[in-house]
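One letter stands for each residue in the lines below.
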Amino acid sequence: MTRIYFVKIATIFILLLPIISQASPPFLSFCNFGGSDTVCPPDHPGSATTGNRTLNDSITAITGSIHKATAMALRSKTVLGGTTFGANLDLEREAGIAAGDNSTFNWGTWGSFSRTTGGSDVGYQKFDSSLDSGLIGFDRSYSENLIYGIAFGYDSNDVETDFNLGEQDITSFTIAPYIGYVINQNFTFDLSAGYSAIDIDQNRLGLGTFHPVVVNGDTESDRFFVSGNLNGYTRYNDFVFSGRIGLLYANEDRDAIVENGGPNSLDAFTTPSQTVELGELQVGGDIAYSAWKLEPYATFFYEYDFIYEDLNLDPGLIAAFGDAENDTSDFRIGFGARYFGNNGFSSTLEWTAIADREEFDSQILSLTLRLDF
């Protein structure tokens, strides 16, 4: 009799094995998600794993666009205002005015769009993301050496979280005042600070009573950030050399997530509220060549995260994959071109990509247009 029951139980288990394997991503039995400080990707909302990455991508796009727009306004007041372009043509540049001449343009407006793509191939956090970010800004020259303005932005991030067979839809609205100051003909400084209201909708495939079920969850978060840059410029004939030392800090407070998988769900979670922080140092610059009104350039930066949210993995994942790298530095390389037209129009097109990160990659294509009047 015992043998008959054993055979029946074994048969039922074999028949249900395909369903269990689909409903539960690998290593689910090792996972015990108990709070925001422990990450066990296969059985919890995706934002607990991707939060540090999506924060970094969004804040890099926002602060990078504001910096480019401010730098374009300030350069006409530096040593670069009278750069010559190819064939020794002595053309006045930087929105059509000579260096230090601030009498023509008192107001400026600009717009930017960037697309950031990236993700991770590491099994316990495998995901792909695509972030579209747009900003518009307005500023005024308060004096010969100072501008101040305000920027408004919207971004949308679509994230496919392969580790839990789910996805995230992250949208945010941003407001950010900024200033730029000319220290002398070789150095400028810019500072921006801002607030973003963020909405996160996400889903994943979860374990159901009889079959896999889709588990949904949503939350909101508030983000505050500040970014400052010291910029240096010099030139040699038609070559332009620019350097920058930058610091940024961002803090994002996320509300709790209450998942809903319906009456048949067996693994819906209530995830506690979560705080994600980022502090980053950026050091680098670019080398450009002035050819008529066009300035192609190559850029290179070292980035170090002095504040970084580590992934603290569940012991089961560590046993299966090894511990998280949690590397905190990378190199960002890229190429671009700046254009300085007549009547106050200028633009920058740039592509950059990060290298030397063990757990994820990212690249940004951005366009910034500016008009001074």
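Keep in mind that this is a model prediction, so the values were computed, not measured.

Here we come to the overall build of the chain. Of the regular secondary structure elements, the chain holds three helices and 14 strands. Taking all 373 residues of the chain together, 51% fall into the buried category. Long-range pairs, those at least 24 residues apart, make up 67% of the contacts in the chain between residues at least 6 apart in sequence.

The next point concerns the pattern of salt bridges. Scanning the entire structure with this criterion turns up 15 salt bridges. A salt bridge links Arg-254 to Glu-252, with the shortest nitrogen-to-oxygen separation between them at 2.8 Å. Both residues of the pair, Arg-254 and Glu-252, count as buried. If you follow the salt bridges from partner to partner, you end up with Arg-75, Asp-286, Glu-295 and Arg-338 in one network.

Before going further, it helps to spend a moment on helix α2 (residues 47–74). The end-to-end C-alpha distance of α2, which contains 28 residues, comes to 39 Å, matching closely the 40 Å that a straight helix rising 1.5 Å per residue would cover. The largest bend in α2 comes to about 30 degrees, at Arg-53. Most of α2 is tucked away: 28 of the 28 residues are buried.

Here we come to the pairing of strand β12 (residues 329–340). Here β12 shows a buried face lined by Asp-330, Arg-332, Gly-334, Gly-336, Arg-338 and Phe-340 and an unburied face lined by Ser-329, Phe-331, Ile-333, Phe-335, Ala-337 and Tyr-339. As paired elements, β12 and strand β13 (residues 345–355) share ten bridges and run antiparallel to each other. Bridging across to β13, Phe-335 finds its partner in Trp-351. Hairpin remark: β12 followed by β13, antiparallel, with four residues in the connecting loop; positive phi at Asn-343, about 60 degrees.

Turning our eyes to something else, we now look at the nonpolar core. With 15 residues, the main nonpolar core has Ile-59, Ile-66, Trp-110, Leu-135, Ala-151 and Phe-225 as its most contacted residues. Tallying contributions element by element places α2 first for this core, with five residues. When sequence neighbours within four positions are dropped, the list of residues in contact with Leu-135 reads Ile-62, Ser-65, Ile-66, Trp-110, Gly-111, Ser-112, Ala-151, Phe-152 and Gly-153.

Pairing within the closed barrel is antiparallel, and its twelve strands lie in the order β1-β2-β3-β4-β5-β6-β7-β10-β11-β12-β13-β14. Across the sheet, the mean angle from the axis of one strand to that of its neighbour is 15 degrees, orientation sign disregarded. Note: β13 against strand β14 (residues 361–372), nine bridges, orientation antiparallel. Bridge pairing in β14 places Ser-347 opposite Leu-369. With respect to the sheet, α2 is in contact with β1 (107–120), β2 (127–143), β3 (146–161), β4 (166–184), β5 (187–206), β6 (213–236), β7 (239–254), β10 (274–289), β11 (294–307), β12, β13 and β14, its orientation differing from that of β4 by roughly 30 degrees.

Here we come to the packing of aromatic side chains. Counting across every chain of the model gives eight aromatic pairs. Arranged with centres 6.3 Å apart and planes meeting at 65 degrees, the rings of Trp-110 and Tyr-178 form a pair that is edge-to-face. In this pair, Trp-110 is assigned in strand β1 and Tyr-178 in strand β4, connecting sequence segments 68 residues apart. Given the relative accessible area of 3%, Trp-110 is considered buried. The class of Tyr-178 is buried, set by a relative accessible area of 2%. Taking the centre distance of 5.6 Å and the plane angle of 25 degrees together, the rings of Phe-300 and Phe-331 count as stacked. Taken as a pair, Phe-300 in strand β11 and Phe-331 in strand β12 lie far apart in primary sequence, 31 residues in all. Among the aromatic residues, ring-to-ring pairing joins Phe-300, Tyr-302 and Phe-331 into one connected group. Of note, Arg-338 hangs over the ring of Tyr-297, and the distance from its end group to the ring centre comes to 4.1 Å.

On to the environment of Thr-219, then. Looking at the secondary structure, you find Thr-219 in strand β6. When the C-alpha positions of Thr-219 and Glu-259 are compared, they lie 9.9 Å apart, and in sequence the two are 40 residues distant. Apart from residues no more than four positions distant in its own chain, Thr-219 is found in contact with Ile-198, Asp-199, Ile-200, Asp-255, Ala-256 and Ile-257. Within the local environment of Thr-219, its side chain forms a polar contact with the backbone oxygen of Asp-255, the two atoms lying 2.8 Å apart.

In this section: a nonpolar patch on the surface. There is a patch of nonpolar side chains on the surface, built from Tyr-142, Tyr-148, Ile-179, Tyr-181, Ile-183, Phe-187, Phe-189, Leu-191, Val-226, Leu-230, Ile-245 and Val-283 and spanning about 1,000 Å² of accessible area. Looking at the nonpolar patch, the elements that each hand over two or more residues are β4, β5 and β6. Locating Ile-183 in the fold gives a position in strand β4. Ile-183 sits in the partly exposed class, given a relative accessible area of 44%.

Right, let's get into the confidence of the model for the chain. A residue-level look at the chain finds 78% of positions with pLDDT of 70 or above and a mean pLDDT of 82. Within the model, the stretch residues 5–38 combines pLDDT values under 50 with 39 contacts to residues more than four positions away or in other chains. With pLDDT under 50 throughout, residues 82–103 is counted as low confidence; its partners more than four residues away or in other chains account for 66 contacts.

Rules behind the numbers
- Residues numbered from 1 in each chain as written.
- Predicted model: local features only at pLDDT ≥ 70, side-chain atom pairs only at ≥ 80, totals over all residues.
- Heavy atoms only, no water.
- Helix = DSSP H or I, 4+ residues; strand = E, 2+ residues; numbered from the N terminus.
- Buried < 20%, exposed > 50% of the residue type's maximum accessible area, 1.4 Å probe, protein only.
- Contact = heavy atoms within 4.5 Å.
- Salt bridge = Lys/Arg side-chain N within 4 Å of Asp/Glu carboxyl O.
- Expected span 1.5 Å × (residues − 1).
- Bend = angle between axes of the 7 residues up to and from the residue.
- Pairing = 2+ DSSP bridges.
- Core = buried A, V, L, I, M, F, W, Y, C linked by side-chain atoms within 4.5 Å.
- Axes fitted to C-alpha atoms, helices over the stretch in contact; angles between N-to-C directions.
- Phe/Tyr/Trp six-rings, centres within 6.5 Å; stacked < 30°, edge-to-face > 60°.
- Lys NZ or Arg CZ within 6 Å of the ring centre and 35° of its normal.
- Polar contact = N/O pair within 3.5 Å; in protein donor to acceptor, adjacent residues only side chain to side chain.
- Patch = residues over 30% accessible without salt bridge, like charges linked within 9 Å, V, L, I, M, F, W, Y side chains within 5 Å.
- Areas by Shrake-Rupley, 256 points an atom, 1.4 Å probe, with all protein chains shown as cover.
- pLDDT = per-residue confidence, 0-100.

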